[in-house]
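# Per-entry structural report
Next come the chains, spelled out residue by residue.
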Protein chains: 2
Amino acid sequence: MLELAVLGLLKEQPLHGYELKKRLSDALGLLWGVSYGSLYPALRRLERAGAIEVVEAPPADTPAAPMPATGSIGGEAAAARMRRLGKVSRRTRKAYRLTTRGEQMFGELMTSDTGPGADDERSFALKLAFCRYLPVDARLELLERRRSDLAARLSRARGSRSGGDHYALSLLEHRRKSTERDLEWLDELIATEREARAANSPQQGATA
Amino acid sequence: MLELAVLGLLKEQPLHGYELKKRLSDALGLLWGVSYGSLYPALRRLERAGAIEVVEAPPADTPAAPMPATGSIGGEAAAARMRRLGKVSRRTRKAYRLTTRGEQMFGELMTSDTGPGADDERSFALKLAFCRYLPVDARLELLERRRSDLAARLSRARGSRSGGDHYALSLLEHRRKSTERDLEWLDELIATEREARAANSPQQGATA
DNA sequence: CTCTCGATATATCGCCCCGATATATCGAGA
DNA sequence: TCTCGATATATCGGGGCGATATATCGAGAG
């Protein structure tokens, strides 16, 4: 799960742990605030698996690892000043870059079906956030698999006879409605996606 | 989290692990299917903490632990038959009973504020499921705390300017609407609760 | 000028939860 | 008889989380 998030973020550009944490908590903070206690072990796992590799980031004069000027890593000027003063500070800062193996792993994770588990929602939201990296057919498959999962859950919810007090009943009902809304939303997404596919490759309808 | 669920179920009657698992997965399975890998350690923790204690459940002729006839623990007839035949089978079956300390811990867990964390929703749903054991004021506090948490999340969601592609935007928007629905639902619950309180003790409005 | 404070940055620890798996008994039916 | 599914308890590895430790750096207070 976390692996996928990291891989997805690193597809754009190399980043170091702190920045990854911020992006996962803020930008992708739709749901889910990742902790260092999971992030750094995840980075080590990915490194061990050969999916990412360290690039020596720091002082701006290292041409080997050109970090984008878009403030993602600050402090280069300061580091340069220190070096001029004869100090070697260089606080430990490692940036990670996606390898070919990492790209491959990203693709596998994006299309793998972990089955409806506990963090269903997180998992789907994450995949949706990186949906743009998938070919159109894979996008549709992702959306439709989610749709069928939710539909199954809904019919299960409808089937179970109500046991419990007022509060439990109300919660159950609210969640049922909520799932229905989710399905409607998914249907919209699917429709949009189908239109886009039809517009981009209309010959598919004629040849197949 | 799991502790609270176990404690809550044991308030009704003593149960053994397997039955607890079933009830947590089915009856309370609104969300959340607990695994043995968490349940048995949780039982051990609770036992260590003195919140629950083992009652020797099995063969129906043990008057010390009168299990309710409501099929929660089956197999007594079979066990009796075996005993008649001279066999001592007695497959290991331990039922757990809530202690006074356990009742106390339940109260603490129900009213404690873990703050908006990851399993926000689970936690609230769980507390709502056992809401009936709380005094009315505590119920209202529970509902209102949840309301303020959701309201905070909503305003945060509204505040963050949209960054991301079509999919991320759509997801964000959908989740925003979803939270709004949740708030409406909570408001209904709160209103109902207030009416109930007013009906049960109308003098409160006059004396205070 | 110094001192502290908050942001930057990496890393680890213990705890909880989960899925998978092992083990064993028992009733029902092939 | 033999297998299958339900009953029942337990453990293992691994991931995620909150808390915490450590260290540097820029900025503002005194």
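Residues numbered from 1 in each chain as written. Chains lettered and ligands numbered in written order. Predicted model: local features only at pLDDT ≥ 70, side-chain atom pairs only at ≥ 80, totals over all residues. Heavy atoms only, no water.

### Digging into the packing of aromatic side chains
To keep it simple, the criterion reads: Aromatic rings from Phe, Tyr and Trp, with only the six-membered ring used for Trp, were paired whenever their centres fell within 6.5 Å, and each pair was classed as stacked if the ring planes differed by under 30 degrees, edge-to-face if by over 60, and tilted otherwise. Secondary structure elements follow DSSP: runs of H or I of four or more residues count as helices, runs of E of two or more count as strands, with numbering from the N terminus. Only protein chains enter the area calculation, which uses a 1.4 Å probe; residues under 20% of their type maximum are buried, those over 50% are exposed, and those in between are partly exposed. Think of it as a cone above the ring: NZ of Lys or CZ of Arg counts as a charge over the ring if it is within 6 Å of the ring centre and within 35 degrees of the ring normal.
Within this structure, the stated rule accounts for 10 aromatic pairs over all chains. Geometrically, the ring pair formed by Phe-106 of chain A and Tyr-133 of chain A is edge-to-face, given 5.8 Å between the ring centres and 80 degrees between the ring planes. Here Phe-106 of chain A is found in helix α5 (residues 100–111), whereas its partner Tyr-133 of chain A is found in the loop between α6 (120–129) and α7 (136–159), with 27 residues between them in sequence. By relative accessible area, which is 27% here, Tyr-133 of chain A ends up partly exposed. A centroid spacing of 6.3 Å and a plane angle of 25 degrees characterise the contact between Phe-130 of chain B and Tyr-133 of chain B, whose relative ring orientation is stacked. Through successive ring pairs, a cluster of aromatic residues spans Phe-106, Phe-130 and Tyr-133 of chain A. Geometry around Tyr-133 of chain A places Lys-11 of chain A over its ring, the cationic atom sitting 5.0 Å from the centre. Sitting over the ring of Tyr-36 of chain A, Lys-21 of chain A keeps its end group 5.1 Å from the ring centre.

### As for the pattern of salt bridges
Threshold: By salt bridge we mean one thing: a side-chain nitrogen of Lys or Arg within 4 Å of a carboxyl oxygen of Asp or Glu.
Under the criterion given, the structure shown has 38 salt bridges over all chains. With its nearest N and O atoms 3.0 Å apart, the salt bridge here joins Arg-158 of chain B to Glu-180 of chain B. One end of the pair, Arg-158 of chain B, is in helix α7 (residues 136–159); the other, Glu-180 of chain B, is in helix α8 (residues 166–200), and 22 residues separate them in sequence. In this structure Arg-158 of chain B comes out as exposed when scored by relative accessible area, which is 52%. As a salt-bridge pair, Arg-176 of chain B and Glu-180 of chain B come within 2.4 Å of each other at their nearest N and O atoms. Of this pair, Arg-176 of chain B and Glu-180 of chain B both sit in helix α8, separated by four residues, roughly a single helical turn. Sharing partners across several salt bridges, the network here consists of Arg-158, Glu-173, Arg-176 and Glu-180 of chain A.

Everything listed is a geometric property; what it means functionally is a separate question.
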